[in-house]
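# Close look at the chain arrangement
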Amino acid sequence: MAEQPLLVLGKIAAILDAFTLTAPTRTAAEIRSITGLPTSTTHRLLGNLVQHGFLDRTGDDFRIGARMAFWAGPAARSRDFTELLTPRLNALRDETGETACFFRAEQGSRVCIGLAETHHALRSEMYVGRIQPLHVGSSGRVILAWRDDLLDEITAQALPALTEATITDPQELRRAVAETRAAGYAITVGERLEATSGLAAPVFDSHSALVGAVTLMGPTLRMPWARCEELVDAVVEAGELLTAALGGRHPA
């Protein structure tokens, strides 16, 4: 007896959900393990998905097919970025309890273009349109990590100290930026304002170009380094979800 179409679609969705921005390729064995589907069902559906361009196959590895990316393009372009950004920042704020915001590079600085403020009375001041230096803070670190042109520009000039924790040595900043790129996120404490912490992760477009940094910020009293480390997964996931919503992908 043939499977009901909705049941088949559910299994296909489970297979496609096995691919993530951090794990863009999977083997058949990995997909079976993640989805819990029987071996015969997995192999049959994988074959059909490759045949119709939903997946591409190289040797034993499967990845999301180019046809899926082609379909994602019109969907991403038809939605304003702010429309995608606002609910994601609200969700991140509600999950963590801290202020969630989004920064992008603008004329050698970074500007806040989205904000979901914490409900706590004690908060780090931020507003949409606020311009900040790129050499301080977690979002600045993330932007510099994926914008070599800005990194060269910023490290070629004086780096003013805003607090005792501000990095003012260009080579030290380059080392910190390299660590951010390797880790995939940045944590900073007290670089822009004393007793203020930040945690940021990148968002990319369909050309693997940096869109900006999704950021969580708050008083160090509530967000000491250890707490920031606990929040890494939530911030990185928010960045990945925004990247996916844009039809984006991480740089190779």
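For the structure itself, look to the data block above.
Below, the structure is looked at part by part. The structure displayed is predicted, hence computed values, not measured ones.

Time to look at the nonpolar core. One finds I143, L144 and L173 to be the most contacted residues of the largest nonpolar core, which totals 24 residues. Of all the elements in the fold, those that place two or more residues in this core are β4 (99-106), α6 (138-145), α7 (148-155), α8 (170-183), β8 (196-204) and β9 (210-219). Sort the elements by how many residues they give to this core and α6 lands first, with four residues. When neighbours within four sequence positions are excluded, I143 is seen to be in contact with F103, R104, A105, R110, L134, L150, L210 and A213.

One open sheet accounts for three strands, arranged β1-β3-β2; its pairing is antiparallel. Of all strands in the sheet, those with a lone pairing partner are β1 (25-27) and β2 (55-58), marking the two edges. This sheet shows a mean twist of 35° between the axes of neighbouring strands, independent of strand direction. The pairing of β1 with strand β3 (residues 61-64) spans three bridges and is antiparallel. Bridge assignment links R26 to a residue of β3, and that residue is F62. Across the face of the sheet, helix α3 (residues 39-51) comes into contact with β2 and β3 while running at roughly 105° to β2.

Within the secondary structure layout, T166 lies in the loop between α7 and α8. Within the local environment of T166, its side chain forms a polar contact with the backbone oxygen of E191, the two atoms lying 2.7 Å apart. Non-local contacts of T166, meaning those with residues more than four positions away in its chain, are made with H135, V136, P160, A161 and E191.

This paragraph deals with the state of the cysteines. Between two cysteines, a covalent bond joining their sulfur atoms is known as a disulfide. Applying the stated criterion across every chain yields a total of zero disulfides. C112 supplies the cysteine sulfur nearest to C101, a cysteine that is in no disulfide, at a spacing of 5.1 Å. Its sulfur unpaired, C228 is 13 Å from the next cysteine sulfur, which belongs to C101.

What counts as what
- Residues numbered from 1 in each chain as written.
- Predicted model: local features only at pLDDT ≥ 70, side-chain atom pairs only at ≥ 80, totals over all residues.
- Heavy atoms only, no water.
- Core = buried A, V, L, I, M, F, W, Y, C linked by side-chain atoms within 4.5 Å.
- Buried < 20%, exposed > 50% of the residue type's maximum accessible area, 1.4 Å probe, protein only.
- Helix = DSSP H or I, 4+ residues; strand = E, 2+ residues; numbered from the N terminus.
- Contact = heavy atoms within 4.5 Å.
- Pairing = 2+ DSSP bridges.
- Axes fitted to C-alpha atoms, helices over the stretch in contact; angles between N-to-C directions.
- Polar contact = N/O pair within 3.5 Å; in protein donor to acceptor, adjacent residues only side chain to side chain.
- Disulfide = S-S within 2.5 Å.

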